[in-house]
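Examining the three-dimensional arrangement
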Amino acid sequence: MATLKKLSLSILICLTLACNASSSISFDELFQSSWASDHLIHEGDLLKLKLDNFSGAGFASKRKYMYGKTTAQIKLVEGDSAGTVTAFYMSSDGPSHHEFDFEFLGNTTGEPYLVQTNIYIDGIGNREQRMDLWFDPTADFHSYSILYHPRQVVFAVDETPIRVYRERNGVAFPRDQAMGVYSSIWNADDWATQGGRVKTDWSHAPFVTTYREVEIEGCECATSEDLKRCNGSGNWWDQPVMAELSVHQSHQLIWVRANHLVYDYCADQGRFPVLPPECERRRV
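In this text the structure is predicted, and so the values were computed from the model without any measurement. (Residues numbered from 1 in each chain as written. Predicted model: local features only at pLDDT ≥ 70, side-chain atom pairs only at ≥ 80, totals over all residues. Heavy atoms only, no water.)

We now examine the layout of surface pockets. There is about 280 Å³ of room inside the second largest pocket. As for the second largest pocket, its lining consists of 14 residues, of which Leu147, Val154, Met242, Leu245 and Gln249 are closest to the centre. Only strand S12 (142-148) and strand S13 (152-157) provide two or more residues apiece to the lining of the second largest pocket. Ranked by residue count, the leading element in the lining of the second largest pocket is S13, at three residues. The residue inventory of the lining of the second largest pocket, partitioned by class, reads seven nonpolar, four polar and three charged. (1 Å grid on protein atoms, 1.4 Å probe; cavity = no way out; pocket = protein on both sides within 12 Å on 5 of 7 lines; lining within 4 Å. Points joined across faces, edges and corners; volume = space filled by probe spheres on them. Helix = DSSP H or I, 4+ residues; strand = E, 2+ residues; numbered from the N terminus. Nonpolar A, V, L, I, M, F, W, Y, C, P; charged D, E, K, R; others polar.)

Turning our eyes to something else, we now look at the packing of aromatic side chains. Within the structure shown, the criterion is met by 14 aromatic pairs. Taken together, a centroid distance of 4.7 Å and an interplanar angle of 70° make the contact between Phe104 and Tyr144 edge-to-face. Taken as a pair, Phe104 in strand S9 (residues 99-105) and Tyr144 in strand S12 lie far apart in primary sequence, 40 residues in all. This pair shows no difference in class: Phe104 is buried, exactly as Tyr144 is. Centroid distance Trp202 to Phe207: 5.9 Å. Interplanar angle 65°. Geometry classified as edge-to-face. Exposure remark for Phe207: the relative accessible area of 2% places this residue in the buried category. Feature note: the residues Phe102, Phe104, Tyr144 and Phe155 constitute an aromatic cluster, connected by ring pairs. (Phe/Tyr/Trp six-rings, centres within 6.5 Å; stacked < 30°, edge-to-face > 60°. Buried < 20%, exposed > 50% of the residue type's maximum accessible area, 1.4 Å probe, protein only.)

Moving on, we get to the environment of Leu245. Relative to the elements of secondary structure, Leu245 occurs in the loop between helix H2 (224-230) and helix H3 (247-260). For Leu245, a relative accessible area of 10% corresponds to the buried category. A C-alpha to C-alpha distance of 9.4 Å links Leu245 and Gln152, two positions 93 residues apart in sequence. Those residues within four positions of Leu245 in sequence are excluded, and the remaining contacts are Gln152, Val154, Pro161, Val164, Arg166, Ser250 and Leu253. (Contact = heavy atoms within 4.5 Å.)

Another point: H3. Here H3 is 14 residues long and its end C-alpha atoms lie 20 Å apart, about the 20 Å a rise of 1.5 Å per residue gives. Residues of H3 that are buried include every one of Ser250, Gln252, Leu253, Val256 and His260, and no others. Projected onto a plane normal to the axis of H3, the buried residues spread over an arc of 160° and lie on a single side. Of the exposed residues in H3, those oriented more than 90 degrees away from the buried face are Val247, His248, His251 and Ala258. Buried-residue contacts for H3 involve strand S11 (129-132), strand S14 (160-166) and strand S17 (261-264). (Expected span 1.5 Å × (residues − 1). Arc of directions from axis to C-beta.)

The strands making up a sheet associate through backbone hydrogen bonding, with each pair oriented either parallel or antiparallel. With antiparallel pairing, the seven strands of this open sheet are ordered in space as S4-S5-S16-S7-S12-S13-S14. The open sheet terminates on both sides in strands that have one partner only, identified here as strand S4 (40-43) and S14. Going from strand to strand, the sheet's axes swing by 25° on average, the running direction of each strand aside. With seven bridges joining them, strand S7 (residues 65-75) and S12 adopt antiparallel strand pairing. Each bridged residue has a counterpart across the sheet, and for Ala72 the counterpart in S12 is Tyr144. (Pairing = 2+ DSSP bridges. Axes fitted to C-alpha atoms, helices over the stretch in contact; angles between N-to-C directions.)

Before going further, it helps to examine the UniProt feature "glycosylation site" (unreviewed entry) in the protein. This chain's UniProt record puts "glycosylation site" (unreviewed entry) on Asn107. Tracing the chain through its elements places Asn107 in the loop between S9 and strand S10 (114-120). Contact partners of Asn107, with chain neighbours within four places excluded, come to Gly79, Asp80, Ser81, Ala82, Pro112, Thr193 and Gln194. (UniProt positions renumbered as here; feature names shortened; annotations may be inferred.)

Once that is clear, we can look at unusual backbone geometry. The omega angle of the peptide bond from Ala205 to Pro206 is 5°, so this bond is cis rather than trans. Mapping Pro206 onto the fold places it in the loop between strand S15 (180-187) and strand S16 (207-220). At Asn126, a position not held by glycine, the phi torsion is positive, near 60°. Look at Asp176: it is not a glycine, yet its phi comes out positive at around 60°. On the secondary structure map, Asp176 appears in the loop between S14 and S15.

Below, the discussion takes up the sheet that holds S15. In spatial order, the strands read S3-S6-S15-S8-S9-S10-S11-S17; together these eight strands make up an open sheet with antiparallel pairing. One side of each edge strand has no neighbouring strand; the edge strands of this open sheet are strand S3 (31-35) and S17. Going from strand to strand, the sheet's axes swing by 15° on average, the running direction of each strand aside. With three bridges joining them, S11 and S17 adopt antiparallel strand pairing. Among the inter-strand pairings, Gln129 is bridged to a residue of S17, identified as Asp264. Those strands touched by H3 are S11 and S17, and its axis lies near 85° from that of S11.

This is the structure we're talking about:
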């Protein structure tokens, strides 16, 4: 059976599908600093990533997963965050990697954050969508999740789907690469805010992103045998309800796209005179 893992900063609950076992594990046993460990700060039940004019910071899971769901409760940089990017994503390794990105693009004080999602398949991205949010993501914690299913990839904010990438004939779909879970903050003022026109104001540093909880529910995958097991039948993601959005979720996605979508690569004919195949006949 696949193993479901739920991680907070202080406790990991390990469950089989029968829900008959549990154990505790620290954040540091499942995650590690991926760069600038001195800019990764534990404060009680919170984890903070700091960006200053010396460095940003990031963390990464020590294990890889094949299919599953990861969720982070994040409070983004307060005040003037122009030029900064906070990322939460899943990725495999190598030049032909798969990757599913949340990128939170900072802005000047009073202007909304933009949330950019992107999908890489076999090392090729250029599938950006950008949205504003219907709340202030710096005022409190909100949950951001990525569901990786054999038939769809779903990005959600507070369990509201904001983007779906589906398996379909003739469309590339990510398969057969175990993926780690990552998050980071860095300076990207060459592109992040208004196309790079607004630069980072270092007088407001340090810029701090705060995490209250990180969850991983997935199939650990380190070997070819693990890959077979994770792709086998009987896993929790094989349930029919996981293979597509519910009617309510579909209505939520329609509402989000109608009211908060500000950029969609599928509508950018300047970049794509010939639409990518996944853009044609797309359903929400």
